[in-house]
Amino acid sequence: QVQLVESGGGLVQAGGSLRLSCTASGRTFSSYAMGWFRQAPGKEREFVAAIRWSGGNTYYADSVKGRFTISRDNAKNTVYLQMNSLKPEDTAVYYCTADYRGTNSYSLSRGYDYWGQGTQVTVSS
């Protein structure tokens, strides 16, 4: 079993920044990829960003390109999401997720095996 623990959410004004962290534990080998999704009230969960553990290739939703950066620390088994130039429409619960099967379906929630509990990000206008 894998546990994913997120941190770093909070309340920020529009134009501000936040950094989310997610640490994985419980397995002796790394995942193929880790990602971030978000879900706003009344909306479906949507892809935000993903990173391959080997090689570090990154993938982003169009809505966050140029503003968000995903990165990883292999030694700490941790993935980060640096969020800059935040907008009110970025308000959502952000979920960390991990793919241990190598599905390569980075933007699809069914491509991942484990999920964190979520962390709230609120951007005020």
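Our subject is the structure listed above.
Residues numbered from 1 in each chain as written. Predicted model: local features only at pLDDT ≥ 70, side-chain atom pairs only at ≥ 80, totals over all residues. Heavy atoms only, no water.

**Points about the pattern of salt bridges**
Quick reminder of the rule: Take a side-chain nitrogen of Lys or Arg and a carboxyl oxygen of Asp or Glu: if they are within 4 Å of each other, that pair is a salt bridge. Only protein chains enter the accessibility calculation, which uses a 1.4 Å probe. A residue is then buried if its area is under 20% of the maximum for its type, exposed if over 50%, and partly exposed in between.
Across all of its chains, the model carries five salt bridges by this definition. Here E46 makes a salt bridge to R38, at a shortest N to O gap of 2.6 Å. A relative accessible area of 6% means that R38 is categorised as buried. A salt bridge links D62 to K65, with the shortest nitrogen-to-oxygen separation between them at 3.3 Å. In this structure, D62 and K65 share a single accessibility class: exposed. Put simply, R38, E46, R67 and D90 are held in one network by salt bridges that share partners.

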